[in-house]
Structures are given as C-alpha cells and as structure tokens.
Amino acid sequence: MTTSLPSAPLVEIVLPVEGMSCATCVNRIERFLRRADGVETATVNLATERAAVRYDPARIDRAGIVGAIEAAGYDVRPDVRNQPAGVPSETDAAAEAATDTARAAERSALLRDGVAATAVGLAMMVATLWPGGLPLTMAQLNLVLLVPAMFVQLVLGRRFTSRALRGLAHGELTMDTLVAMGTWAAFLYSAAIAVAPGPATAAGLPLDTFFETASIIIGLVLIGRWLEARARSEASGAVRRLLRRRPTTAHVIRDGTEEEVALDAVRVGDLVRVRPGERIAVDGAVVEGASAVDESLLTGEAVPVDKAAGDRVTGATLNAQGVLVVRTERIGADTTLAQIARLVEQAQGSKAPIQHAVDRVVSWFVPAVAIVAALTFLTWMVFGPEPRLPVALASAIGVLIIACPCAMGLATPTALIVGAGRGADAGILLRDAAAVERAATITDVVLDKTGTLTRGRAEVSVVLATKPGPDARHALLRDAAAAERGSEHPFASAIVRQAGAEGIDVEPMVVTGFTAVAGRGVTADVEGRTVLIGTARFLAEAGIASATAHVLADAATNAEAEGRTAVWVGRDGAVAGLIILADRLKPSATPAIARLERSGLRPWLLTGDRAAAARAVASELGLPADRVRAEVRPEGKAAAVAALQAEGRRVAMVGDGLNDAPALAQADLGIAIGTGADVAIEASDMTLVGDDLRGVATGIALARATMRIIRQNLAWAFGYNIILIPVAAGILYPFTGWTLNPALAAGAMALSSVSVVANSLRLRRVRLVTD
C-alpha cells in the first residue's frame, strides 16, 4: 500500500509587469503563465499592469513564474510585491509606493519623449513647407532632415522597436509591432530617397519624404500613452487612497507607560490610546473612554458613530472627539482595511466574462491588421494613381497606425477599476468582475430579517407592572435584571442593558439559587424575594395562578401579534408584571426598501421567525404580504431563493449570519453585511462594510452603471476600428478623392485609447440612486 503526501496549499502573488502595450500582450503573458507547470490560474490586467498568479509552491517558485513572464517577452519590476494575496503589510505598502514611483517616472519619460518627437516632426514639417523656401535643394534638405529623423526613430522611438523585435522573436504581433512597422517603413523609404535622390528620380519617384510623418506618429503615440497611463493611474487609485489613510504610528500603553511606536510594532492585546483628531491605528474594542468616530472612509456614511466601552472600532477611522483606549484585536493582514484593500484589488484585477470574448477577438486583430495593410499596399500599387509607391506606402502606414487594440483591451478593465474604487469609497465591495456582471442583471432582492433588516439583538420596548406608578415599574425592572444577571440568554442581556440604561445598579444586590430552564425561563432568590421570569406557562407550572395575569393578557397578546416577545415576571407567588422585547428595525431598513423599489428592484422578506412577526416587520417596511416568506428553516432559505430563480428571476440574497451562507451561495448575487459572520462574507459576491442597507440598491446601481460604461467602451473601440481602418486604407478615395494622412491616423489612434479611459472615469460622477 502506498500513500501520497498531501499537496501544498496554493499560493497567490501579484507581480507588476513592464512592457505591455495592448490586449495582445495580456493574452500572450497569460498563455505563457498557464503553460508553466504548477501554475493553476493566471490573470493579467492591462489597466493595472499586474499579473495575479495562483500556483503550487511544490512545483514552481516565484523565480519560475517571473521566468515565464520573461519568456513571453516582458519584464517584472524589481520592486515587486512578493507576498501571498490578501494583505497589504507595511513592507508591502513600501513596495507599492516604489512601484508607483517607477510608474510616475515612466509616465514622465513618455511625456518627455512624446513632446520631443512631436516638436522635431513639426519643425521638419515647417522646414519643408517654409513659404519663402530655404537656401537648399530638396535633395540637400532631405539629407539635413535625415539626422533628426534618425534621432527620433532610434532614440525616442526605441521602445516600439525593441518591444516589436522581442515580440517577433517569440512569434507575436502586438500594437508595438504595428507602430514599429509603420514608422520604420516611412523612415526607411525616406532615408533611401535622401541618400539616393538620383536613382529615386530616375525611377519616377518624387523627392518628398515621410521624415516628419514618422516623427509625428512616434510623438503622438507616446503622448497618447502618457495620457492613457495618467488616466489609468487616476482610475486605479482606490487602494492607494485607502492605504494612505493608515496611521504609521500608534500610542501604546505598556506597563502603565505610554510610548509612540511604529504601527508594525503593535501586537494583539496591546492597549492603544487615541486622542481627538487622530486616526485609530488598529482594529479592536474600546476599553476606556467615549467618543464619536468618523467611519466614512470605510462605510461612506458621513455621520460619526458613538463609541463607548465594549464597542468595536476599525483602524484608519477618525476619532472625532474624546479620548479612547482601545485593546488591539487585529493587526496587519487581518485588519478590516487590509481585507478591504485585498477585495478591491481582487475586483480590479479580475476579468469579466465579457472580456474573454474580447480577448478572443484581439488575439487575431493585430495579424489581421497587418494583412489588411499589406493588401492596401498592393491595391494602391496596382490601381492607385501615380506616383504609386509613396501613395501606397502612406496608405499602408495609415492602416498600421490607426488600428487600436489598446482601446479594446482597456474597455472593460478601466471601467471595473473605477467602479470598484467608487464602490470602496462608498463602503461597497464587489468580489470580482463576474459579480459586477451578475449584479447588473438582478431583478429581485431577498432580505433576511434578523440581523439584516433588524439590529439582530432584542431590546426592551415596554415594561408593565401590575401595580401602578413608577416605583412599581422600577422595582419590577430592578428585580428582573438582578435575576437575569447570571443568564446568557439574549433576552436576559436585553433586560440587564435596559436596567443599566435607566441607572439601576444591580451589582450590589444579593442573588442566590439561580436556575435556568431551557426554553421556559429562570428563577432566582433576589434579596429574599423569589423571582421567576419566562413564559406564562413557566409561571403557571410554578404555581402562580394564571387568573392573576388577566390584567396584562391583552398587552401580551397584542405584542405577540406585532412580532414582539412578551416575558412574564413573577414575584413571591404572584404576577409582578410584563416585559416586552423586540428586535427593532435598523434605521436604514425602511429607506433601503424604498430605494430598492425606486430602482426597479423587487424586495422580499425571508425569515425563520413566526408568521406574525414577519407580517409585522413587513407592514412596518411597507412590503406587501405576498412578498413575505416566514418560518423558513436555515436549510430552506436556499430552496426559497431557488424557487424564485425557477420563475426566471435574477435574485440577490442579503444576509449576515452563518445560516444565510447557503442562500448567499445559491443566489445569483450574494450580498453580506460587513458587520455579520465571516462565513457569510466569504460566501458573498458583494459586501457592505457597514450595516446601512441602502448600500444594496447603490451597489446594484453601481454594477449597472459599470456594465453600461463597459458596453459603451466596447462599442466605441470596435466601432472605431471597423470604421477608420477602411478609411485609412482609402475606401473613400474613389468617391471623394480623400486619403488619410498617417500623422492624423496616429492622433486618432492615441485619442481612441484615451477616450475609453476618460469614459470610464465618468463613473466617478455618475449619479447612482435618488432618495
């Protein structure tokens, strides 16, 4: 008998890649990575210039992955983030900053070289068109122009040549190949005319050259890439904006002494003091002090949230007033901010299903353009007017230059980057691009009740004593809280909290003989008084005559009909009163339902609670009774969602608890409340960082807007190429006598990519919902 060793867990790294210019580059890198033994998945994003790779460390290491990228003809930046996915640490943030610096330098070089090449090209154009003429013959002028043209071609345009040669060495045609082919064709033809004007004249060729055209093409393409890179940087700034808010130090209290330490020196369990106006350095619980905390960075909600002892706070949020002492619970990779950054990066770097279809088109686009350019050249050589060679060459160059797979490659990822960033700013996290695509199609939203629409914990709403007067009520609540102090039941916690809120101190009270009966109630001796708390049946079984309860029976019946819970209190053999508890709706619940309705979405209520409670909540929310599903067991929630899907509905499920996870997974879109259970968040496609339910409609509206922008981008990118490539080839010449100057083709190509990114940036300003 043989046994096999368990396989090592998969690891994910994200590598910044240099040298990509279009979607063809993306396809090539992905292909090389996926062929590498040990690589499970590889996704390359042109807009973020990153490759996310999941691999088996037992079969391949980081060096092997970098080698696969280099084998494809591209480079990995040396300041690479080399860390399992998930977690921007302090070191990781430094690497991110280094990468940003490198990209800024690259953008500066693009602008510098682009402006220089364009300026040289325009100067050459002026020299050839000088009104009074220069004291040079055309042949002499061409020799003079050869020098700056060579500088532009070999120095300023070197990146196109080197990348094109690298791609050809690997059998790949890219956007750089098209630019290099077009500019080198123009330059070499012009150089031949300049060096050998006699043979050119003898062959019937004019001495006009394309030096200025080649230079202006290089300049405009470089400037276009600078504009594109700048816009991409603006679009992908969400994670940087998040991480920039993290404090770099914390005031830690150790052995009674406060000291300021670097954030990465803070440990779980440390006490951290936060003064007014400071950002909270860690995730933890308040142990001392009270304040209001601005959590808008994470939730998008501008109203500060009150915090006191026992409340939890999140790192990077702003302490508005008061001094807090926080016990550290999570640091580094485990903090809320780190997890949000991971989810945003994951969403920005993923591919929507629609992008895979685009990738298939792009894979043959560049070779097809090269073939069209060759056919254009041959057609003009056979049927074109004299002089045929320069006209045919100009038309073929125009076809090569005007084609733009960049716009097609950027159409989807740039919109996703901006959409994910805007969502993060509003406290809405979308798991990946596929989730965005699904969210845009949602028709119905199913909401769990407890913990989702409601606060998730019982609260005392009414205290009724059998005897009149405030003293009787006070005594009733005091004795009930003292008796329940030893219980862990949620109702007991609610009664104790209510007593504390009313200033009743039960700590000094002597309580003995505490006994809890599951599902019935508790009994205890409170300073000599026998106190029972529980159901009416529990009191009756203890010998308290039910006839004595008739005064409060109507109140109990009405409470139950409204979905609240009535808890009876007995004292010394008689009914002392009634405490009514309720799980109140969240303040955002009713406005959220209204917002869903206005957005054209159909909300449903799904709960395991009894029908009376569900109907009462639905009435308060303004939901019709036919959209309520009550008394649904946890295992039945997924079936309830499936039943709606069977009717042809596209269903989103909103939940927060462990029992919601199957339904979240069954739904077309699972939406988790960020304050809920981790397992629910893991099963979800969208997460609301806070508990404001209005984010459900906002998140779906954001997905719809993102997909609308993607469709616009793709329509523009494909339409641009379908229309302008034939124009560059000269399809209008037989009818209008028009041809397209290659320099204008370069400008159009540059603007096509910029226009796609600029359209994506509109997502920052699109109004998503109305209240």
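These figures come from a predicted structure and were not determined experimentally.

Definitions and limits used
- Residues numbered from 1 in each chain as written.
- Predicted model: local features only at pLDDT ≥ 70, side-chain atom pairs only at ≥ 80, totals over all residues.
- Heavy atoms only, no water.
- Helix = DSSP H or I, 4+ residues; strand = E, 2+ residues; numbered from the N terminus.
- Buried < 20%, exposed > 50% of the residue type's maximum accessible area, 1.4 Å probe, protein only.
- Contact = heavy atoms within 4.5 Å.
- Areas by Shrake-Rupley, 256 points an atom, 1.4 Å probe, with all protein chains shown as cover.
- Pairing = 2+ DSSP bridges.
- Phe/Tyr/Trp six-rings, centres within 6.5 Å; stacked < 30°, edge-to-face > 60°.
- pLDDT = per-residue confidence, 0-100.
- Axes fitted to C-alpha atoms, helices over the stretch in contact; angles between N-to-C directions.
- Parallel < 35°, antiparallel > 145°, perpendicular 65-115°, else oblique.
- Left-handed = near helix turned anticlockwise from the far one by under 90°.
- Nonpolar A, V, L, I, M, F, W, Y, C, P; charged D, E, K, R; others polar.
- Salt bridge = Lys/Arg side-chain N within 4 Å of Asp/Glu carboxyl O.
- Core = buried A, V, L, I, M, F, W, Y, C linked by side-chain atoms within 4.5 Å.

Regarding the overall build of the protein
Looking only at helices and strands, the protein features 28 helices and 26 strands. Across the 771 residues that make up the protein, the buried fraction comes to 50%. Within the protein, residue pairs in contact and separated by at least 24 positions form 70% of the contacts whose partners lie at least 6 positions apart. For the protein, the computed accessible surface area is about 32700 Å², with 59% contributed by carbon and sulfur atoms.

Notes on the pairing of strand β22 (residues 602–606)
Of all the five residues making up β22, four are buried; the element is thus mostly covered by neighbouring parts of the structure. In the sheet, strand β15 (residues 444–448) pairs with β22 via five bridges, with the strands oriented parallel. What sits directly across from Asp 444, in β22, is Arg 602. Strand direction decides the pairing type here: β22 and strand β23 (residues 628–629), joined by two bridges, are parallel. Residue pairing across strands places Leu 606 opposite Arg 629, the latter belonging to β23.

A word on the environment of Ala 139
For Ala 139, the location among the structural elements is in helix α4 (residues 138–156). Residue class for Ala 139 comes out partly exposed when judged on its relative accessible area of 23%. For Ala 139 and Val 195, which are 56 residues apart along the polypeptide, the C-alpha to C-alpha distance reads 8.5 Å. For Ala 139, the residues in contact, after removing those within four places along its chain, are Pro 197 and Leu 207.

As for the packing of aromatic side chains
Going through the model one piece at a time under the given rule, you end up with five aromatic pairs. Residues Trp 380 and Tyr 733 carry aromatic rings whose centres are separated by 5.1 Å and whose planes lie at 65° to one another, so their mutual orientation is edge-to-face. One end of the pair, Trp 380, is in helix α12 (residues 353–383); the other, Tyr 733, is in helix α27 (residues 733–736), and 353 residues separate them in sequence. With relative accessibility at 32%, the residue Tyr 733 sits in the partly exposed group. Between the aromatic rings of Trp 716 and Tyr 720, the centroid separation amounts to 5.9 Å while the plane-to-plane angle is 40°, which identifies the pairing as tilted. Remark: Tyr 720 and Trp 716 occur in helix α26 (residues 694–729); sequence separation between them is four residues, near one turn of the helix. Take Trp 716: its relative accessible area is 41%, and that puts it in the partly exposed class.

Focus: the confidence of the model for the protein
This prediction gives the protein a mean pLDDT of 82; 89% of its residues lie at or above 70. β22 holds the highest mean pLDDT among the elements of the protein, 93, whereas helix α25 (residues 678–682) holds the lowest, 48. Low confidence marks residues 1–6, where pLDDT is under 50. Its contacts with residues over four positions away, or in another chain, come to zero contacts.

A closer look at the packing of helix α5 (residues 158–169) against helix α6 (residues 175–195)
Following both chains from N to C, one finds α5 and α6 inclined at 120°, their axes separated by 8 Å at the closest point. Viewed along their axes, α5 and α6 adopt a mutual orientation that is oblique. At the point where α5 passes α6, the crossing takes the left-handed sense. Facing Phe 160, Thr 161, Arg 163, Ala 164 and Leu 168 of α5, the residues of α6 in contact are Asp 176, Thr 177, Val 179, Ala 180 and Trp 184. Looking at side-chain class alone, the contact of α5 with α6 contains six nonpolar, two polar and two charged residues.

A word on the environment of Thr 512
Relative to the helices and strands, Thr 512 is located in strand β17 (residues 511–517). Considered as a pair, Thr 512 and Thr 530 are 18 residues apart in the sequence and their alpha carbons are 9.7 Å apart. Residues contacting Thr 512, with those up to four places away along its chain left out, are Ala 524 and Asp 525.

Notes on the pattern of salt bridges
Side chains bearing opposite charge may pair, as long as their charged atoms lie close to each other. Under the definition given, this model contains 29 salt bridges. A salt bridge links Arg 34 to Glu 30; the nearest nitrogen and oxygen atoms lie 3.7 Å apart. Placement of the pair is Arg 34 and Glu 30 together in helix α1 (residues 23–35), with a separation of four residues, close to one helical turn. In this structure Arg 34 comes out as partly exposed when scored by relative accessible area, which is 45%. The exposure class of Glu 30 is buried, given its relative accessible area of 4%. We note a salt bridge from Arg 59 to Asp 37, for which the minimum N-O separation is 2.8 Å. Taken as a pair, Arg 59 in the loop between β3 (50–55) and α2 (62–71) and Asp 37 in the loop between α1 and β2 (39–45) lie far apart in primary sequence, 22 residues in all. Residues participating in the shared-partner salt-bridge network are Arg 478, Asp 479, Glu 527, Arg 529 and Arg 571.

Here's the deal with the nonpolar core
By size, the foremost hydrophobic cluster in this structure holds 128 residues, and its most contacted members are Leu 33 and Val 445. No other element matches the 15 residues that α26 contributes to this core. With sequence-adjacent residues up to four places away left out, Val 445 is seen in contact with Leu 596, Leu 601, Arg 602, Pro 603, Trp 604, Ala 652, Val 654, Val 696 and Ile 700. Among the nonpolar cores identified, the runner-up in size contains 25 residues, and Ala 480, Ala 483, Ile 495 and Ala 576 belong to it.

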